[in-house]
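# Structural features, examined
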Amino acid sequence: VALQFFLGARFPGGPRAWRTLEPFLLMAAYALVSAIVLPSLFAGSVAVWPQKLVPPYDIPVPLAPGAGNVTQSMYLLIDTALLAGCALCFARPGFGAAQVLRAYLVCGYVVVAICVLQLAHKLFGTWYPEWFLYTIPGWVIFPGQMIGFVPRINGPFSEPAALALYLCGTIFCCTWLVVRGLHTTLSAVLLPLAAFALACSTSTTGFTVLAVGGAGLMAYALPFAPRRVAARVLMYGV
């Protein structure tokens, strides 16, 4: 995408794509600045849990700049560049956006299926391919996480919060398709399934993001959205 741009290609939908990306770009910039400034500014004065578990494992350590500040910032830059490039590609005339959306929804079904497998494994001891899903050495997985007698589900992610954030995106996507009247069988069926998987994660982070996002959708729909969209938001919200 960058090569096309520097060779003179232009994307008619580019300005709209950049406007859509503005909140993410601002948050990414804040994250990068904080990763550079805050560890040095508060070094030694704040206790934090280390990114990698090291002996004695059970105590926080003084905050200090480290390699994680660099590597995580690089990951964020790569993700941001990938998102911006994809947004510009999607803005091209004649781009098959429907196929991309269908692939995204199918990925949601895959994640939900893995969550169901994991839930059945924790409740009934059925087969679950941990050996295949959790092969990244840097991941710290706590498979025995429980809240009372309720098992916590992390699916194909490193922790329940990461699973919940992914499912929040899936839920928001399906909800938006439904309220805009563009829903298909894929999105209509995936919406309750993703909500069920999110509940199984028991992640307060996911519940909070879902609540804030739902409130934001209501705040947008009532004063700004077309009447038919506002009516659907109110109907599904109730």
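Residues numbered from 1 in each chain as written. Predicted model: local features only at pLDDT ≥ 70, side-chain atom pairs only at ≥ 80, totals over all residues. Heavy atoms only, no water.

### Some words on the packing of aromatic side chains
Here is the rule we go by: When the centres of two rings from Phe, Tyr and Trp lie within 6.5 Å, Trp using its six-membered ring, the rings pair. Their planes under 30 degrees apart give stacked, over 60 give edge-to-face, and anything left gives tilted.
Using the criterion set out here, one finds three aromatic pairs in the structure. With a centroid separation of 5.4 Å and 40° between ring planes, the pair formed by Phe 157 and Tyr 166 is classed as tilted.

### Focus on a nonpolar patch on the surface
Under the convention used in this document: To count toward a patch, a residue needs a relative accessible area over 30% and no salt bridge; like charges are then connected within 9 Å, while nonpolar side chains (Val, Leu, Ile, Met, Phe, Trp, Tyr) are connected within 5 Å. Method for areas: the Shrake-Rupley scheme with a 1.4 Å probe, in which residue coverage is limited to the protein chains shown. The rule for a salt bridge is simple: a side-chain nitrogen of Lys or Arg has to be within 4 Å of a carboxyl oxygen of Asp or Glu. For the purposes of this entry, the term helix denotes a DSSP run of H or I that reaches at least four residues, the term strand denotes a run of E that reaches at least two, and both are numbered from the N terminus.
Taken together, the side chains of Val 33, Ile 36, Val 37, Leu 38, Leu 41, Phe 42 and Val 46 make up a nonpolar region of the molecular surface, amounting to roughly 620 Å² of accessible area. Of note, Leu 38 is situated in helix H2 (residues 14-41).

### As for helix H3 (residues 67-90)
Operational definition: One less than the residue count of a helix, multiplied by 1.5 Å, gives the span that helix is expected to have. Buried residues are those whose accessible area, probed at 1.4 Å on protein chains only, stays under 20% of the maximum for their type, while exposed residues exceed 50% and partly exposed ones sit between those limits. Residues count as neighbours in contact if any of their non-hydrogen atoms are within 4.5 Å of one another.
Here H3 is 24 residues long and its end C-alpha atoms lie 35 Å apart, about the 34 Å a rise of 1.5 Å per residue gives. By the burial criterion, the buried members of H3 are Gly 68, Ser 73, Thr 80, Ala 84, Gly 85, Ala 87, Leu 88 and Cys 89. Buried positions along H3 lie against H2.

### With respect to H2
Selection rule: To obtain the bend at a residue, axes are fitted to the seven residues ending there and to the seven starting there, and the angle between these axes is taken.
Compared with the 40 Å implied by 1.5 Å per residue over 28 residues, the 38 Å span of H2 between its first and last C-alpha is a close match. Of all the bends in H2, the greatest reaches close to 50° and is centred on Glu 22; the proline Pro 23 follows between one and four positions later. Taken together, the buried positions of H2 are occupied by Gly 14, Ala 17, Leu 21, Ala 28, Ser 34, Ala 35 and Pro 39. Each element contacted by the buried residues of H2 is listed here: H3.

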